[in-house]
Structure formats: structure tokens, C-alpha cells
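# Results of the structural survey
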Amino acid sequence: MAHQEEDEPSAGSPEEEGQSLEDRSLLQQSLAIRELMDTEASYVHLLQLCASDLRSRLQQLPQGDLNVLFSNMDEIIQVNSRFLHGLQETASKEEEQVHLIGNLFLEFHEEFEQVYKVYCASYDQALLLLEVYRKEPELQREIQGIVEAVVPQAGPSGLSFVLVTPLQRITKYPLLLQKILENTHPDTSACTTLQRATSALQDVNANINEYKMRKEVASKYTKVQQLTMRERLARINTHTLSKKTTRLSQMLKQETGLVPRTEDKEFDDLEERFQWVSLCVTELKSNVAAYLDNLEAFLRFRPHECDLDIAGGPALQYRSLARDLQCEAFLEYKQRLEGLVWRPLCNLAKALVGPQNLIKKRLDKLLDFERLEEKLMEVGSVTYEEEAARHTYQALNSLLVAELPRFNQLTVEWLGQILRTFVALQRDLAKQVLQRAESSMAQLPHHHISEPAFRKLVEDTLDQAGNQLHSFRENFKKVLPPPTTQPLLPGSERQVQALLSKYGPGKLYLTSNISGTGTLDLTLPRGQVVALLQNKDTKGHSSRWLVDTGGHRGYVPAGRLQLYHVVPSEKELGGQVGLQKDPQYLVPEPDPAPPASIPAVTQVVAAYPFVARSSHEVSLQAGQPVTVLEAHDKKGNPEWSLVEVNGQRGYVPSGFLAIAPCPAPWGWSLPS
């Protein structure tokens, strides 16, 4: 008996312990799988309650608040519903269930990351709304009652319990997989699949956290704050000055080549594309704004309200058509243009501000990053704040590289849609105008002829008018107007007299407006008299001449000079020719010309702009015609003249006036 008892295995043998351990592992694995499936079903059911019942009962909240609170919960429900269906299908295949669950997580992990990162990024904004609701007790009690009625398990946490559930679920997936993996035999293929799935879900959570951090950084730097100068100055402190100085120093080192510049071709290409798109939006917005201003000015002109003093006929038909177009067609077009083109374009321009701020801030953070990288290579370590600055740049750069391509694409699509809408509005306007004017067009003299014949008639008429205009221009070139007396700049008579006596009249030139760009170049106003010293510069270029103003010498463009000769005074013209000439007026040297075929009269114009300084004076613009009432003031002083300009009377300096020719216009008419 004793021998037999020794041959039988005892209750605590290693074989039994191993078998018992394997059974316990299988049991724990089965319980972990059941926990995964049951909690997934409860989770999807809770989300569906939130999306349907809870959201519909919270309609007293603004729609914008509901969009923030529930974010993209509908997309999460779609993804997790399909995932739950896949989990339930694995229950029918117990032998391969663990392997199928691992594959299912590998199949869905990318979708999980896409939907949950959006929800997690907006979760902080939802919490801020909840804080606002807590400050309104009545609203808070109403929300709490609705949540407890729909989701009793929420308890006192209320809406916070519901909103945090998706975050808890995505972070729990790696733990559930790890629990199943711990109770799976390491030699099976299912173990390898579960390991990959666990690692993939851990990466999903890490990527979500990284995305959330990027969004927080972007939210911080995309805010546009309208600060006054005092507020800006109040923000300046030693820390701010230190950062700005360090960045400027780093930039100067890069510009001088002392340190290398970080090259990022991928980002540079994206930024160039973004700047090009931004320029297109800015130019289009400017053009549309000008178009709307012109349209507004056009609508203020109401020809149908004018008294034409015509009893009937086509004029009344035109008034009726103009009234119809002004009050209905054009007004409707303006309203549609503002609603479908202008406002979307303004919204698009506002959407560009955030990325523009991020790009500017990235440059600042890049300078900090480069400096810290140099320090890390030299010292081998950085402080906690410096490490945070490095991570901030990396987060900004990663966010821009990831988001700019999609943003550029959406902006181009948005811009294209705005342009297509603008073209469609133009087409609709043309169609409406033609429909409304159809009856009036029948009254036109050529409405009965075909379109090709009408085109030919218009072309012939335009050719005939062009020939008349060409003939008028050729005849006009043959007529030389009388010499134009051009006044000198006020107070320059003595300077001209000095130049005449020193260089003679053949060296005098009159300048146009000249802005000097070089160290030896002169800046001269229009009407300045100068004397030619040399018709080329030191390099032998004949395009720059050396001149003397009577006080300064320097170079001016040769094309800005016009040769002038002294005009004899009226007294000398009445006597002998060739005697001493009056230097007060200079005129271009006239060439011999045939007798003028156009009768010439003269008019007085303003040679220079003048700004009135009192109610007794009147302002002038250069070239503006004036009527001289008295060539002196009340005391008989000829330096001031009483003139009339645009119905206003006042005194102006006599030296600011000039006599200009005014040829009588020719009469010519379009072909009938």
C-alpha cells in the first residue's frame, strides 16, 4: 500500500500546478475579453444617448456651445459602432478570438487616432463652458436635471461625466489589451498580434497627446490681441528684452555667417505656397472692395429721377428701364455680391491670420531652438525652461508641416469657389439686364439686322471714327502753339541773373522734378533753373550731366533738363531786337513753323500748388485754371492777385500763376 501511494502523483505535483496555472490564465483571458466587449457595448450605448436624447434636450444652449460640448461625437459613434460589431463577430470563433481581436485593433487604430484627437483637442474648451454654466445656478440645475434623467449613472458629476467618457475610453484600450496579453501564451501567434496591437494603441494615445499639445501651442500664439501702446509698453520687462536681444544676436550671427542657419526645405516650400495664397486672397479682397465702392457710386447715380423735359418716346422707355434696373436688378446683384462673395472673402482673410501668426512665431522659436542646440552641443545639458522652449519649437514646426498642406488646399478651393460665384453673379446680372431690356432693345434702329451684320456696322463706324481721330492728331502736330511763358520759382530772379552773367543764356536749362539717389546727385523741384557745366559724368556717361544751381553743384539726369532761352521784355520787343533781355521769364526755343491753323487763346493756370492760410486766400492745385479778377491786392501790391477758382474768390501769390495756351477745339462728329 505504501509503495502504491508513493507511485501515485501527489495533489501538489508540478504537472497539476502547471495545468492549474494555464487554466487560470485562460480564465483570466476570457474574463478580460468579456470585460472588453461588455464595456465597449455600454460605451457605445452611452454615446448614442448623448448624441440623440441629451443633445436634443439641451436646445436652450446656443448651437455654438453644443458644437463645442459634443464636438465630433457623431464620428466617434460611427467608428466605435463598427468596432463593436467586429468584436461581437469574434465571439463565434473562440479558438481564433484573441488573434482576431488583435487584428481588429490594428485595423481600427488609425481611425481611432483621427476621431479621438479632434475630440480631445476641443475638450478643454468644453470644460471652460462648464465653468461658465456653474456661475449660473439656475441654468446649472436645469442641465443637471436633464443629464440625470438621460444618464442616471452620471450622478453629481453631471455633464462632466459624459464629456470625459471618450477620453477615458481611448486611454483604457492599451490597458485592456495588456490584460489579455498577460494571460496569453507567449509561443502563440496571437501573442505577437496582441503585442503589435498594444503598441499601436499606446502610440495612438501618445500621438493624441502630442496633437493636443500642438493645438494648445497654436491656440496660444494665434490669438490676435488688440493692445494699446500703453499696454504694449507695460508688457516690456527684463525677460522680454533679454529674449529679444538674444534672438537679434542669433540672427546677426546667421547673417554674417558665424553660425549656420537651419534649413527646412519642406517647411520653406509650404510657407512659400501659403504666402502666395495669402497674397491672392489679399489682392482679391482689395479688388472686390474697390468694385463694391464703384458699384455703390454707380447706384447713387439715378438718371431716371432726372427731368429730361421730353414729352415721350424712347426717353421715357429708357427712364422706365433705368428705374427697373436701379431699384431691382442692380440692388439685388449688390446684395448677393456682398453675401456670396464679400463676406466669405473677409472670413477667408480672417482665417489666414492664425497661420500667419504661427509662422512668425515659429521664426522666433527657431532662433531660440538654434541657440539651445548650440548650448546643448557645448555644455551637454539645458535647463527645464530651455527644454520646454525646444519642445515648443518642435511642436510648432510639426503642427505647421502637418497642417499647412491641407490648409493651403482648402484655401485654394475656397478661393476658387468665391471666384466661380462671382462669375456666376456676373452672368446672372447680364441675363437679367438683357431680359428686362428686351422690349427696349426692339426700339433700337438696327435691331432688325443680324448679329454678324451688326458687328460689321460697328466695326466700320469705329474705323471711320478712328480715321477722323488720326487725321485730327496729325493736323494738330503741325500746329505749333505760341511760346508758353513759364514762371521761375518764386524768389529765384537773382539766382537766374547770376547764372546768366556767369555762364550765358546758352547754358541755362529748366528742370522737372528730380530726386537724387546718389551722394553727388541733386534733388531739384520743377522749374529750377540750372547751368550746364559738363554733359557727361566722370565715367563718360552722357545720361548724367554736371550742373550748377547757383549754390550747389551735382549730377542730374539729362532727360530731365530742357534748354531755355531768355525772352525779351515787351518794351524791348517794341523797340530794337537783340538788345538786353529780361531774365524774369524763360521759354523753350521755338522752331520755325507754318502759320497756325488752330486759333490760339491764352488762359491763366496755377504753376504750383498753394494752400490757403486764411479765409482771404484760396487754395490752388498745379495746372488748375483760374480767373484773375485783380492783378494786385487792395493796397496795390502786385505780389498778390485776386482770383476766382471753382466759384471761390481769394488772394494767391502772383508768382504762382502762369499763362498757358488754350487752342480752340476742332469740331468733329461721329458717323451717322
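Keep in mind the model is a prediction, meaning the values are calculated, not measured. Residue positions within a chain follow its written sequence, with the count starting from 1. Confidence filtering applies because this is a predicted model: local features only for residues at pLDDT of at least 70, side-chain atom pairs given and counted only at 80 or more, and all residues used for totals across whole chains, interfaces and linings. Only heavy atoms go into the side-chain values, all of them from the structure, while hydrogens and water stay out.

## Some thoughts on the overall build of the chain
Quick note on the threshold: Only DSSP runs of H or I covering at least 4 residues are called helices, and only runs of E covering at least 2 are called strands; the numbering of each starts at the N terminus. Burial classes follow relative accessibility: with a 1.4 Å probe on protein chains only, a residue under 20% of its type's maximum area counts as buried, one over 50% as exposed, and anything between as partly exposed. Whether two residues touch is decided by their heavy atoms; if any such pair falls within 4.5 Å, the residues are in contact. Methods summary: accessible areas were calculated by the Shrake-Rupley approach with a probe of 1.4 Å, and residue burial reflects only the protein chains presented.
Scanning the chain from N- to C-terminus turns up 18 helices and twelve strands. Per-residue burial for the chain yields a buried fraction of 34% across its 672 residues. Across the chain, contacts joining residues at least 24 apart in sequence account for 66% of those joining residues at least 6 apart. Counting every atom, the chain has about 41800 Å² of accessible surface; 54% of that belongs to carbon and sulfur.

## Description of the side chain of Gln 29
Looking at the element boundaries, Gln 29 is found in helix 2 (residues 14-57). Non-local contacts of Gln 29, meaning those with residues more than four positions away in its chain, are made with Val 98, Ile 180, Asn 183 and Thr 184.

## What about the nonpolar core?
Operational definition: Nine residue types can take part in a nonpolar core, namely buried Ala, Val, Leu, Ile, Met, Phe, Trp, Tyr and Cys, and a core is a set of them joined through side-chain atoms within 4.5 Å.
Core analysis: the largest hydrophobic core is formed by 65 residues, its most contacted members being Leu 54, Leu 69, Phe 105 and Phe 112. At the level of secondary structure, the elements contributing two or more residues to this core comprise helix 2, helix 3 (63-70), helix 4 (73-90), helix 5 (97-134), helix 6 (137-150), helix 7 (159-182) and helix 8 (189-221). Among the elements that line this core, the one with the most residues is helix 5, at 16 residues. The next biggest cluster of nonpolar side chains, apart from the first, holds 33 residues, and it includes Leu 321, Leu 352, Leu 399 and Ala 437.

## Observations regarding the packing of helix 11 (residues 265-300) against helix 13 (residues 353-379)
Basically, it comes down to this: Lines are fitted to the C-alpha atoms to define the axes, a helix being fitted only along its stretch in contact, and any angle between axes, read from their N-to-C directions, falls within 0 to 180 degrees. Any angle from 65 to 115 degrees is called roughly perpendicular, while one under 35 is roughly parallel, one over 145 is roughly antiparallel, and all others are oblique. Should the near helix be turned anticlockwise from the far one by less than a right angle, the crossing is termed left-handed; should it be turned clockwise, right-handed. For this scheme, ten residues count as nonpolar: Ala, Val, Leu, Ile, Met, Phe, Trp, Tyr, Cys and Pro. Four count as charged, namely Asp, Glu, Lys and Arg, and the remainder, Gly too, count as polar.
The geometry of helix 11 relative to helix 13 is characterised by a closest axis approach of 12 Å and an angle of 140° between their N-to-C directions. Classified by the interaxial angle, the pair formed by helix 11 and helix 13 is oblique. By crossing handedness, the relation of helix 11 to helix 13 is classed as left-handed. Residues Phe 267, Glu 271, Phe 274, Gln 275 and Ser 278 of helix 11 form the contact with helix 13, whose own contacting residues are Pro 355, Gln 356, Ile 359 and Arg 362. Class assignment of the residues belonging to the contact of helix 11 with helix 13 gives a composition of four nonpolar, three polar and two charged.

## Some thoughts on the packing of aromatic side chains
Quick note on the threshold: Geometry of aromatic contacts follows a simple scheme: Phe, Tyr and Trp rings, the Trp one being its six-membered ring, pair when their centres are within 6.5 Å, and the pair is stacked under 30 degrees between planes, edge-to-face over 60, tilted otherwise.
In this structure the tally under the stated criterion is 16 aromatic pairs. Ring centres of Phe 83 and Tyr 173 lie 5.9 Å apart, and the angle between their planes is 65°; on these two criteria the pair is classed as edge-to-face. Here the residue Phe 83 occupies a position in helix 4, and Tyr 173 occupies one in helix 7, the gap between them amounting to 90 residues. In this structure, Phe 83 and Tyr 173 share a single accessibility class: buried.

## A word on empty space enclosed by the protein
Note the cut-off: Cavities and pockets were defined on a 1 Å grid built from protein atoms only: a cavity is a group of points that admits a 1.4 Å probe but offers it no way out, a pocket is an open group of points flanked by protein on both sides within 12 Å along at least five of seven lines, and a lining residue is one with an atom within 4 Å of any such point. Grid points are joined across faces, edges and corners, and a volume is the space filled by probe spheres set on the points.
All told, the structure shown has two cavities of 30 Å³ or more when counted by the stated rule. In this model, the largest cavity occupies a volume close to 50 Å³. Looking at the largest cavity, the residues that line it are Ala 329, Glu 332, Tyr 333, Arg 336, Leu 425, Asp 428, Leu 429 and Gln 432. For the lining of the largest cavity, the per-class residue count stands at four nonpolar, one polar and three charged.

## Quick notes on unusual backbone geometry
In the Ramachandran plot, Ser 71 falls in the positive-phi region, its phi being about 45° despite a non-glycine side chain. By the secondary structure assignment, Ser 71 is in the loop between helix 3 and helix 4. At Asn 646, a residue that is not glycine, the phi angle is positive and equals roughly 55°. Take Asn 646: it is sitting in the loop between strand 10 (640-645) and strand 11 (648-653). In this structure Asn 646 comes out as exposed when scored by relative accessible area, which is 70%.

## Let's talk about the environment of Glu 438
Within the fold, Glu 438 resides in helix 15 (residues 438-441). Overall, the relative accessible area of 56% leaves Glu 438 in the exposed class. Between the C-alpha atoms of Glu 438 and Leu 321, which are 117 residues apart in sequence, the distance is 10.0 Å.

## What to know about the packing of helix 11 against helix 14 (residues 384-436)
Close contact between helix 11 and helix 14 brings their axes to 10 Å; oriented N to C, the two are set at 25°. Viewed along their axes, helix 11 and helix 14 adopt a mutual orientation that is roughly parallel. Both helix 11 and helix 14 take part in a crossing whose hand is left-handed. Tallied by class, the residues present in the contact of helix 11 with helix 14 amount to 18 nonpolar, four polar and two charged.

## Quick word on the pairing of strand 3 (residues 529-534)
Along a regular strand, successive side chains alternate from one face of the sheet to the other. Heads up, the rule is: In this scheme, strands are said to pair when DSSP sees at least two bridges between them.
Two strands pair when backbone bridges link them, and strand 2 (residues 508-511) and strand 3 are joined in this way by three bridges, in the antiparallel orientation. Looking across to strand 3, one finds that Tyr 509 is bridged to Val 530. The pairing of strand 3 with strand 4 (residues 544-548) spans three bridges and is classified as antiparallel. By the bridge assignment for strand 4, Gln 534 is matched with Leu 546.

## Re the environment of Pro 653
Along the chain, the position of Pro 653 falls in strand 11. Sequence-wise, Pro 653 and Asp 633 are 20 residues apart; in three dimensions their C-alpha atoms are separated by 10.0 Å. Contact partners of Pro 653, with chain neighbours within four places excluded, come to Phe 610, Glu 639 and Trp 640.

## Quick notes on the pattern of salt bridges
Pairs may arise between side chains of opposite charge once their charged atoms sit close together. Defined as follows: Here, a salt bridge means any side-chain nitrogen of Lys or Arg that lies within 4 Å of a carboxyl oxygen of Asp or Glu.
For the structure on display, the rule yields 22 salt bridges. In this structure, the salt-bridge partner of Glu 35 is Lys 172, at a minimum N-O distance of 4.0 Å. Pair noted here: Glu 35 is in helix 2 and Lys 172 is in helix 7, with a separation of 137 residues, a long-range link. On the accessibility criterion, Lys 172 (32% relative accessible area) is partly exposed. Residue Asp 269 pairs with Lys 265 through a salt bridge whose shortest N-O separation is 3.0 Å.

## What about a nonpolar patch on the surface?
Applicable threshold: A patch consists of residues whose relative accessible area exceeds 30% and which take part in no salt bridge; residues with like charges are grouped when within 9 Å of each other, and nonpolar side chains (Val, Leu, Ile, Met, Phe, Trp, Tyr) when within 5 Å.
Where nonpolar side chains cluster on the molecular surface, the patch consists of Phe 454, Leu 457, Val 458 and Leu 462 and spans about 330 Å² of accessible area. As for its placement among the helices and strands, Val 458 is situated in helix 16 (residues 451-478). With a relative accessible area of 32%, Val 458 lands in the partly exposed category.

## Here we look at helix 14
Working note: α-helix, 3.6 residues per turn, so residues spaced by three or four point in the same direction. Formally: In a helix, the anticipated span is given by 1.5 Å times the number of residues less one. Throughout, bend refers to the angle between the axes fitted to the seven residues that end at a position and the seven residues that start at it.
Compared with an ideal rise of 1.5 Å per residue, which puts 53 residues at 78 Å, helix 14 spans 74 Å between its outermost C-alpha atoms and is within 8% of the ideal. Taken as a whole, helix 14 carries its principal kink of about 40° at Glu 403; the proline Pro 405 stands between one and four residues after it.

## Looking at the side chain of Asp 548
To be explicit about the condition: We call two N or O atoms a polar contact when they sit within 3.5 Å, provided that within protein one can donate a hydrogen and the other can accept it, with sequence-adjacent residues counted only if both atoms are side-chain atoms.
Mapped onto the elements of the fold, Asp 548 is located in strand 4. A polar contact of 2.9 Å, which involves the side chain of Asp 548, links it to the backbone nitrogen of Gly 550. Those residues in contact with Asp 548 that lie beyond four places of it in its chain are Leu 499, Lys 502, Tyr 503, Val 530, Ala 531, Leu 533 and Arg 553.

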